[in-house]
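Secondary and tertiary structure notes
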Amino acid sequence: MSEENSRPRQLGRGLEALFGDNRAEKLNNFTESPEKNEDPRAEFRSLPVERLQPNPRQPRCDFDDAALEELTQSIAEHGILQPLIVRPLSVESKMFEIVAGERRWRAAQRAQVHEAPVIVGNFSDAEALAVALVENIQRNELSPLEEAEAYARLGSDFNKTQAQVAKIVGKSRSHVANMMRLLELPEDVRAMVSAGQLSAGHARAILRAADPGALAGIIVEGGLSVRDAEQLAKSGPGKKSPRRPSPPKDADTLALERELTNGLGAKVEISFNGSGGYVRVNYRSLEQLDDLVERLMA
């Protein structure tokens, strides 16, 4: 069974933990078999993209431009293959709010596609938030901080413990707890995580340090591993760092990084120590990884 086919049932199990068996089954039908849905509030139809608008409670804030461009090209060639989940805002405005599928909507606009297949359901505010949160988490489409904030919102908005949140999203309790710890970071360190300069593992390693911001700067400048970051957190920024910071990159290296980034559609980092080094390519999804492998092998 493919991952695509397994997702609706995973989503249903998460919603079941929030709303109970009966309502979760109806909500799951919105995503799995709209044509067989017996709930009269559900409707499968096509809508102009200009009559759709994003959900202000959408947990996903950052949309990777390279991945969005890939989806745009796919939609331009094949159309929107998976319907968006929406709910009506008002009869007078004839507008609909996107519950799930904002990335497809953004890509459709870029591809100048004027109609989108949608599943219309009369979701309550709580249900709309739950569907958006659980779908994004289970599809691994959130950044570390967005994921942490999603767990926190599931806990606070639905009065759930970390163990209950873990059951809803199909993760371990320790994973949920570790991700939520990121919310305790200072704003400057959280900004580094959001920008992709610092991984979640690095951030957790320095979370309890006296000055996480100073340590984060050393980690980013020196390209330290998570293990190095853990050692640095124990010793503090005033002592010898586990690895000497690398010298500033010259203009040629920076230009080559930009050229490779543009060519591959993914961020490329080059490290050179005088005789050798490494080239690191960052990707945000398995689809983007497949594309990178194809390009590199070709």
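Computed from a prediction, not measured in an experiment: that's the story for all the values here. (Residues numbered from 1 in each chain as written. Predicted model: local features only at pLDDT ≥ 70, side-chain atom pairs only at ≥ 80, totals over all residues. Heavy atoms only, no water.)

**Here we look at the overall build of the protein**
Within the protein one finds 14 helices and 7 strands. Each of the 298 residues in the protein was classed as buried or not, and the buried ones make up 42%. Contacts spanning at least 24 positions in sequence make up 60% of the contacts within the protein whose residues lie at least 6 apart. Accessible surface, the protein as shown: approximately 16400 Å² in total, 49% of it carbon and sulfur. (Helix = DSSP H or I, 4+ residues; strand = E, 2+ residues; numbered from the N terminus. Buried < 20%, exposed > 50% of the residue type's maximum accessible area, 1.4 Å probe, protein only. Contact = heavy atoms within 4.5 Å. Areas by Shrake-Rupley, 256 points an atom, 1.4 Å probe, with all protein chains shown as cover.)

**Quick notes on the packing of helix α6 (residues 144-157) against helix α8 (residues 173-180)**
Interaxial distance between α6 and α8 falls to 8 Å at its minimum, and their mutual angle equals 110 degrees. With respect to α8, the axis of α6 lies roughly perpendicular. α6 and α8 meet at a crossing whose hand is left-handed. In contact with Pro-144, Glu-147, Ala-148, Tyr-151 and Ala-152 of α6, α8 contributes His-175, Val-176, Met-179 and Met-180. (Axes fitted to C-alpha atoms, helices over the stretch in contact; angles between N-to-C directions. Parallel < 35°, antiparallel > 145°, perpendicular 65-115°, else oblique. Left-handed = near helix turned anticlockwise from the far one by under 90°.)

**A closer look at unusual backbone geometry**
Positive phi is not limited to glycine here, since Gln-112 has a value of about 60 degrees. Inspection of the secondary structure puts Gln-112 in the loop between α4 (102-110) and β5 (115-120). Overall, the relative accessible area of 62% leaves Gln-112 in the exposed class. The backbone of Asn-159 sits at a positive phi, close to 55 degrees, despite the residue not being glycine. Take Asn-159: it is sitting in the loop between α6 and α7 (162-169).

**Digging into the side chain of His-202**
Positionally, His-202 belongs in helix α10 (residues 200-205). There is a polar contact of 2.6 Å between the side chain of His-202 and the side chain of Ser-199. Beyond its immediate stretch of four places on either side in the chain, His-202 contacts Ile-219, Leu-224, Ser-225, Val-226 and Ala-229. (Polar contact = N/O pair within 3.5 Å; in protein donor to acceptor, adjacent residues only side chain to side chain.)

**Brief notes about a nonpolar patch on the surface**
A surface patch of nonpolar side chains, about 230 Å² in accessible area, is lined by Leu-256, Leu-260 and Val-279. By secondary structure assignment, the location of Val-279 is in strand β7 (residues 277-281). The exposed category is assigned to Val-279, whose relative accessible area is 53%. (Patch = residues over 30% accessible without salt bridge, like charges linked within 9 Å, V, L, I, M, F, W, Y side chains within 5 Å. Salt bridge = Lys/Arg side-chain N within 4 Å of Asp/Glu carboxyl O.)

**Let's talk about the confidence of the model for the protein**
Taken over all residues, the pLDDT of the protein has a mean of 77, while the share at 70 or more is 78%. Of all helices and strands in the protein, the one with the weakest mean pLDDT is helix α1 (residues 3-19) (47), whereas strand β2 (residues 52-53) scores best (92). Every residue in residues 1-12 is under pLDDT 50, and counting partners more than four places away or in other chains gives 19 contacts. Here residues 30-41 scores under 50 on pLDDT; set against residues more than four positions off or in separate chains, the count is 25 contacts. (pLDDT = per-residue confidence, 0-100.)

**Notes on the sheet that holds β2**
Strand order across the open sheet formed by 5 strands is β1-β5-β3-β4-β2, with mixed pairing between neighbours. Looking at strand neighbours, the two that pair on one side only are β1 (43-48) and β2, the edges of this open sheet. With 2 bridges joining them, β2 and strand β4 (residues 95-100) adopt parallel strand pairing. Bridge pairing in β4 links Gln-53 to Glu-97. The sheet strands contacting α4 are β2, β3 (84-90) and β4, and the helix crosses β4 at an angle near 125 degrees. (Pairing = 2+ DSSP bridges.)

**Structural notes on the pairing of β5**
For β1 and β5, the ladder comprises 6 bridges, and the chain directions are antiparallel. The partner of Phe-44 across the bridge, within β5, is Ile-119. Summarising the sheet, β3 and β5 pair through 3 bridges and their orientation is parallel. Along β5, the bridge assignment pairs Leu-84 with Val-118.

**Some words on the packing of helix α3 (residues 65-78) against α4**
Each pair of packed helices can be described by the angle between their axes along with the distance between the axes. At a closest axis distance of 8 Å, the pairing of α3 and α4 adopts a crossing angle of 65 degrees. The angle between α3 and α4 places the two elements in the roughly perpendicular class. For α3 against α4, the interelement crossing comes out right-handed. Of the residues in α4, those in contact with Asp-65, Ala-67, Leu-68, Glu-69, Leu-71, Thr-72 and Ile-75 of α3 are Arg-103, Arg-104, Arg-106, Ala-107, Ala-108 and Arg-110. When grouped by side-chain class, the residues that make up the contact of α3 with α4 number 6 nonpolar, 1 polar and 6 charged. (Nonpolar A, V, L, I, M, F, W, Y, C, P; charged D, E, K, R; others polar.)

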